[in-house]
Amino acid sequence: VLSKNIKILWLAQSTYLLDQAFKTFSEEIKFIPDRELVNVRIVSGNETHANVGTVSLSDDVIICTTQTAILNYKSTSLDLYGEEQKKPLGKYIDKYKNGELLIVIDEAHHTPAFGCRTMLTDISENMNSNLYVLGLTATPFHNDQRISGWLQKIYNCGEDGVSFKISTEELQAKNILAVPKYIQKDTNIKVAVDDKTFKRLQKDHKDVPEDIIDELAANNDRNTLIANDYIQNKNKYGKTIIFADRWIQCESIVSKLNNNCIKADTVYSKVENGNLSGNDNSGRTRNELNKIAMDNFRANKLDVIVNVKMLTEGVDVPDVKTVMLTRQTTSPILFTQMVGRALRGKGAGGGEDKYDANVVLFVDEWERFIDFKSTVGDFEEIESA
């Protein structure tokens, strides 16, 4: 694409994904034929990236957060003569509406969300020539069936909208994916569900209510059980990501691990009184601490990283041997993403002897049957311990 001088707008959900895309472009760009120079700009609200206002018509590749693109694509400002004009990103897209533009959406299962699909539909309607839209995802469906059909409308190639796919079994045979070993751990904690909540879970396919999540996350005995399970199985589990639900649960588990000589740290965005503390000094400090923790984890200075919804997508630490899911979920996408953090095999940088990975599932005793996601596919055996 770049050898043909086609421009690229690369969209991703998080700054982690932007950095990974930029790293890969930097490594591979030397192999592009017929180009001596390629201008790549990484854009987000993060202070380590370029501001969206710096986008230039000479850019060949713009790697941008989806939210930044949505907010700025149609935004305008007044020029010196008081006339409205589009801001740089909108000008960039308009510039090539008579030419060719490739838009790549990473974690493309998010595309049906209103902001993203509206932006892509509008760009498509205003392009006078060739617009190419490519979506990348390991989970090509959306949790909300009411809008999932947009995937086929936006990625219009073939009956199912998929231009290329490969099976889990084939990826495992190539050692690109490790084979998951599911290990169920019963917490012996009983969870009551009233009629209204049960209907919501079963018929509306919603996830566990926030008040129940709060209660489970704050349960000290439960957090002790989770920490002790790692402590007792450290040699087997190795480098581990633990998925928790609340920042206070992260701190509780890490404290228990640290007190038993396990090197562990946290990654989360702290929320107090309903406000994400990312708009003040404490938020910036939290971001810095998250980066330090992840750098240490990648460098094997930590055994365990405990996070809240920040490492489900796009964070690539291939040598992770184990993921621990501290709570059951009804979401197949969320489950697949969490499990996937440990499934980088030998052929994907997981290590010379990485052919399998541990997936530890902490299971509570629900008074009524809930259709929680427990495995991916039908070929794994669950080890109960």
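No experiment lies behind these values; they were computed from the predicted model shown. (Residues numbered from 1 in each chain as written. Predicted model: local features only at pLDDT ≥ 70, side-chain atom pairs only at ≥ 80, totals over all residues. Heavy atoms only, no water.)

1. Details of the overall build of the protein
Heads up, the condition is: By definition, any uninterrupted DSSP run of H or I lasting at least four residues is a helix, any uninterrupted run of E lasting at least two residues is a strand, and each is numbered from the N terminus. Using a 1.4 Å probe on the protein chains alone, a residue whose accessible area is under 20% of its type maximum counts as buried, one over 50% counts as exposed, and one in between counts as partly exposed. In this description, contact between two residues means that some pair of their heavy atoms is separated by no more than 4.5 Å. Using a 1.4 Å probe, the Shrake-Rupley method yields the accessible areas, and only the shown protein chains count as cover for residues.
Helix and strand content of the protein: 13 helices and 16 strands. Counting all 385 residues of the protein, 44% fall into the buried class. Expressed as a percentage of contacts within the protein between residues at least 6 apart in sequence, the contacts between residues at least 24 apart total 72%. As presented, the protein carries roughly 20,300 Å² of accessible surface, and 49% of it is formed by carbon and sulfur atoms.

2. Quick look at the sheet that holds strand S1 (residues 7-12)
Stated formally: Strands pair, by our definition, only if DSSP identifies at least two bridges between them. Interaxial angle, 0 to 180 degrees, is taken between N-to-C directions of lines fitted to C-alpha atoms, where a helix line uses only the stretch in contact.
On the basis of which strands lie adjacent, the open sheet formed by five strands has the order S2-S3-S1-S6-S7 and parallel pairing. Two strands lie at the open edges of the sheet, namely strand S2 (40-43) and strand S7 (130-136), each paired on one side alone. Within this sheet the neighbouring strands show an average axis-to-axis angle of 15°, counted without direction. Relative to strand S3 (residues 61-65), S1 is paired through five bridges, and the arrangement is parallel. By the bridge assignment, leucine 11 is partnered in S3 with cysteine 64. Across the sheet, helix H1 (residues 15-28) touches S1, S2, S3 and strand S6 (100-106), and the angle it forms with S3 is around 160°. Helix H4 (residues 114-126) rests against S1, S6 and S7 of the sheet, and its axis sits at about 170° to S6.

3. With respect to the side chain of aspartate 106
By the element assignment, aspartate 106 lies in strand S6. If near-sequence neighbours (up to four positions away) are discounted, aspartate 106 is found in contact with Trp10, Leu11, Ala12, Leu17 and Leu136.

4. With respect to the nonpolar core
Our working definition: We define a nonpolar core as any set of buried Ala, Val, Leu, Ile, Met, Phe, Trp, Tyr and Cys residues linked to one another through side-chain atoms lying within 4.5 Å.
One finds Ile241, Met294, Phe297, Ile305, Leu311, Val323 and Leu325 to be the most contacted residues of the largest nonpolar core, which totals 28 residues. The element contributing the most residues to this core is strand S15 (residues 356-366), with four residues. Ignoring anything within four residues of it in the chain, the contact list for leucine 311 reads Ile241, Phe243, Val267, Met294, Ile305 and Arg341. Grouped together as the second largest cluster of nonpolar side chains are 25 residues, Val52, Val55, Cys64 and Ile154 included.

5. Things to note about the pattern of salt bridges
Any two side chains of opposite charge can pair if their charged atoms end up close together. Note the cut-off: Any carboxyl oxygen of Asp or Glu that lies within 4 Å of a side-chain nitrogen of Lys or Arg is treated as forming a salt bridge with it.
Taken as a whole and assessed by the stated rule, the structure comprises 18 salt bridges. For the salt bridge of lysine 86 with aspartate 94, the shortest nitrogen-to-oxygen distance reads 3.2 Å. By relative accessible area, which is 25% here, lysine 86 ends up partly exposed. One salt bridge connects arginine 222 with aspartate 364, and the closest N-O pair in it is separated by 2.9 Å. One end of the pair, arginine 222, is in helix H9 (residues 220-232); the other, aspartate 364, is in strand S15, and 142 residues separate them in sequence.

6. What about unusual backbone geometry?
The phi dihedral of aspartate 34 falls on the positive side, at around 65°, and the residue is not glycine. Mapped onto the elements, aspartate 34 comes out in the loop between H1 and S2. For aspartate 34, a relative accessible area of 73% translates into the label exposed. Phi is positive for asparagine 175, close to 60°, though the residue is something other than glycine.

Fair warning: the whole summary comes from geometry, so function is off the table for now.
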